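Structure at a glance
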Amino acid sequence: MRSSASVSRSRTSRNRVVRNRVVVSTLACALVAGVTAGCGSSGGSSASSSGTIHILVYGDTGNTVEKQIVDTFNKTSKVKAVLDTIPGANYQQKLQTIINTPQAPDVFFNWGGGSIAPFVKAGLLMPLDSFIAADPQLKSDFLPSVFNTAVIDGKAYGVPMRGTQPVLLFDNKKVLADAGITPPATWDQLIADVQTLKAKGKTPIALGGGDQWPTLMWFEYLYDRVAGPGLFAKALGGDPSAWASADSQKALGMLKQLVDAGAFGSNFDSVKFTDGGSPALLAKGKAAFELMGSWEYATEKAANPDFTKNELGYSNFPTVSGGTGDPNDVVGNTNNFYSVLKNTKHPDAVAQFLKLMYSDEFVKAQLGIGNLPTTTNTQQFLSTSTDPAYDTFQYNLVKQAPSFQLSWDQAYPPAATTAMHQAVQQFMDGKMDAAAFIKAMQGLPTS
Amino acid sequence: MTSLTATLAAAVERRRAVRSGVGATRPGLAWAVPATLFFTLFAIVPLVLVAVLSFTGWNGIGSPQWTGLANWTALWHDPVMLKSLWLSALLTTLGVVVQTPISILLGVWAAGHQRNRAVLLAIYFVPLLLSATAVSVLWRALLDPNFGIPSEAGWLFGDGNLLGTQSGSIGVLAFVGAWQWTPLHTLIYQGGARAVPQVLYQAAAIDGAGTVRQFFHITLPQLRNTIITSMVLMVVGGLTTFDTVLILTQGGPGTDTTISAYYMYQQGFLSFDFGGASAIALVLVVIATLVSLVMVRLTGYDKMNSTAEGL
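Attention here is on the structure that accompanies the text. (Residues numbered from 1 in each chain as written. Chains lettered and ligands numbered in written order. Predicted model: local features only at pLDDT ≥ 70, side-chain atom pairs only at ≥ 80, totals over all residues. Heavy atoms only, no water.)

Quick word on the overall build of chain A
Stated formally: Note on conventions: DSSP H or I runs of at least 4 residues are helices, E runs of at least 2 residues are strands, and numbering of each starts at the N terminus. Throughout, exposure labels follow a simple rule: accessible area from a 1.4 Å probe, protein chains only, divided by the maximum for the residue type, with under 20% read as buried, over 50% as exposed, and the rest as partly exposed. Throughout, a residue-residue contact means that at least one pair of heavy atoms, one from each residue, lies within 4.5 Å. For every accessible area listed, the method is Shrake-Rupley and the probe measures 1.4 Å; residues are considered covered only by the protein chains on display.
Tallying secondary structure elements over chain A gives 22 helices and 13 strands in all. Here chain A, with 447 residues, has 63% of them falling under the buried criterion. In chain A, 77% of the contacts between residues at least 6 apart in sequence involve partners at least 24 apart. Carbon and sulfur atoms provide 54% of the accessible area of chain A, an area that totals close to 15,300 Å².

Encoded structure:
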């Protein structure tokens, strides 16, 4: 599930029961919306005539900051901003049903990349080039590797508006110490660690295969380490031969080697991250590593505070000898973005609103709720964050990264997500060989 | 169809009643207007719209593009669609095969007057009070391979990879479905068994028939219409199963539990291919209609002959 994956990624297991309930109820709503195209907008009546702009965001605990920023904006602006939220996991689905209707917002939350590409193609979004020309800080105050996620066909379509979520290799320090190992710096070391840990009776790596997207993270990092970001960019650009290249075959071979070595145990497809299964494996010391987005920290902190404080370690993904990718590259969710509808009646007010996304107030408020903003002024406030060491590690990682690869399932358009997830899962559990996987990836729609 | 026969029969009754002077205030056509409007608006109109959509390409943005038969030819060559139909049929059959014997036995037992029966029954009915979503979330947690039941019962579950294999996940879906729905059918059978005239048992007892013989020669034949009712409900429920799949397996591993209803959801609301999803929906409508027609014909449900004739 695309949007629920991204959601569960950012909001983790705290909301999982609620989420599941919401999935079903929103589905009913969405079914109706599919026919009548009139569901889900919370009060979007003719946004413009009354001198307001509507800001649509994904509804969750992060809304406190969005509310605060809107209030700040309304203090000085004649055109008032109204914050609308869509709660629940089906944000993308509902957005899709209202974006081309009179209920459409002026500004909306998204994940960049493939989540807005169909809207850009349909001519619904406003390129932000003129805003940036008038105020260069709208671009220069953000980390480039993040900002580029919402650049489509050379034009900027989004401004980062929450926190970055790079994928890190988390570990249980105690399990590693008991086995006499340290976080692996190289792939070969990781393979050796897997053997050591297996001999100790541990599952070397926890994997929530049932969710499918955690499995995808292994592909994303290995492809980047082996071939650099170019291979995926080529494939996404519409050249399917990239998937059949020697580098692609090499990455798949290495993954296979890892699975066959028993790195993930044998029942990983019955385990999920979203219901707390794989984080518990790590926290309870049954597994030594988990490759997960930076929200793993918040998930573990909520479920196992003592473990998080004393034993949760993290490191960058190991390097691959002979690989052409930069060892400093990261993958994950670069950030969330605000994009602007072409139809907005108040572009000047929107431009003013977007400027707040690199303000000191914004950065401090985001750090206060545990998000890590990607503005250049973030650095000076890192000491005020709830977990300075962790946030500094992440910030430097993202800042130094020559390339920040957006998660494949976010980079491809939504139409590709299901088939991609299935292929990834089936390659991992051995139902697909490399040739079948390559064929499946080549069959994905890229636009 | 059955409702039609029922309406006709009712109409005949009413005409007789009018003729004989009883109940002179016969309800006019106006009485049917609210229901008809409701049904037209929420069943017929969407159905027609879906039929139209199935000939278009539409991702929810902009207006649908006419693509002729493209969705239908794609569906015809789609291995996942064929597989999903088989899976739907398999899950439905499993549901009937597993639930029917259990609920008949439980229902017949519950129709008696044993001690503690009411207390035990109250416990049996608990699953019925929970929403399918809650039930699925509950079992998902209970079946966790590392922290749930499988981790404590390795001799039975092996490595606990229940939801990582096709047979395992189908088994889980059938089991959870049975756990949730058996109480409902037990209730139906309890009512049916209570309605069996006691004289039959008394006569059989005099003739020397034991409990087992009474069950097979009196209870089961007398429950014929109840069995049909219960099976129709099971088949309809099986074909429209969705929530358990959504939460327990999400159609996985791979496409191994992608039943037709879930496949439709996937195409429509995850991949935003509303045209293709509409085509799947229509296939489901046609199949469900055919299945109910065949069942009604084969079982004589439309005639509903009484099992109490000659008593």
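A closer look at the overall build of chain B
Tallying secondary structure elements over chain B gives 16 helices and two strands in all. Long-range contacts, defined as pairs at least 24 residues apart, comprise 67% of the intrachain contacts of chain B with a sequence gap of at least 6. In the form shown here, chain B has an accessible surface area of approximately 16,800 Å², with 71% of it arising from carbon and sulfur atoms.

With respect to the interface of chain A and chain B
We count it as follows: Put simply, buried area is how much 1.4 Å-probe accessible surface two parts lose in total, over both of them, once they are put together. Salt bridges, as used here, are contacts in which a Lys or Arg side-chain nitrogen is within 4 Å of a carboxyl oxygen on Asp or Glu. Under this definition, polar contacts are N or O atom pairs within 3.5 Å; protein pairs additionally need one hydrogen-donor-capable and one acceptor-capable atom, and for neighbouring residues in sequence, both atoms have to be side-chain atoms.
Contacts between the two partners involve 41 residues from chain A, matched on the other side by 35 residues from chain B. A buried area of about 3,400 Å², summed over both sides, lies between chain A and chain B, and 58% of it is on carbon and sulfur atoms. Where chain A packs against chain B, one counts two salt bridges. Its salt-bridge partner being Asp256 of chain B, residue Lys431 of chain A comes within 3.5 Å of it at the nearest N-O pair. The tally of links between chain A and chain B comes to 14 residue pairs in polar contact (both at pLDDT 80 or more).

Examining the sheet that holds strand 6 (residues 159-160) of chain A
All names here are of chain A. The criterion, for reference: For two strands to count as paired, DSSP must find a minimum of two bridges between them.
The strand order 2-1-3-12-6 describes an open sheet built from five strands, whose pairing is mixed. The strands lining the two open edges of the sheet, one partner per strand, are strand 2 (80-87) and strand 6. Alignment of strand 1 (residues 52-59) against strand 3 (residues 107-110), held across two bridges, turns out to be parallel. Across the sheet, residue Ile55 finds its bridge partner in strand 3, namely Val107.

Points about the nonpolar core
All names here are of chain A. Note the threshold: The set of buried Ala, Val, Leu, Ile, Met, Phe, Trp, Tyr and Cys residues whose side-chain atoms join them within 4.5 Å is what this entry labels a nonpolar core. Residue ranges for the domains trace back to a domain assignment, done automatically or taken from a database.
Judged by nonpolar contacts, the single largest core of 136 residues is most densely connected at Trp218 and Phe353. If one sorts the elements of this core by residue count, helix 11 (residues 213-227) sits on top with ten residues. Shared between two domains, this core takes at least three residues from each, and those domains are domain 1 (2-164 + 335-398) and domain 2 (165-332 + 412-442). Setting aside anything within four residues of it in sequence, one finds Phe353 in contact with Ile53, Ile55, Ile69, Val70, Phe73 and Tyr338.

Thoughts on the packing of aromatic side chains
Residue and element names in this part refer to chain A. Note the cut-off: Only centres within 6.5 Å qualify two rings of Phe, Tyr or Trp (six-membered ring in Trp) as a pair; their planes then separate them into stacked at under 30 degrees, edge-to-face at over 60, and tilted for everything else.
Within the structure shown, the criterion is met by 44 aromatic pairs over all chains. With a centroid separation of 5.2 Å and an interplanar angle of 70°, the aromatic rings of Tyr223 and Trp408 are classed as edge-to-face. One end of the pair, Tyr223, is in helix 11; the other, Trp408, is in helix 20 (residues 408-411), with 185 residues separating them in the sequence. Each member of the pair, Tyr223 together with Trp408, is buried.

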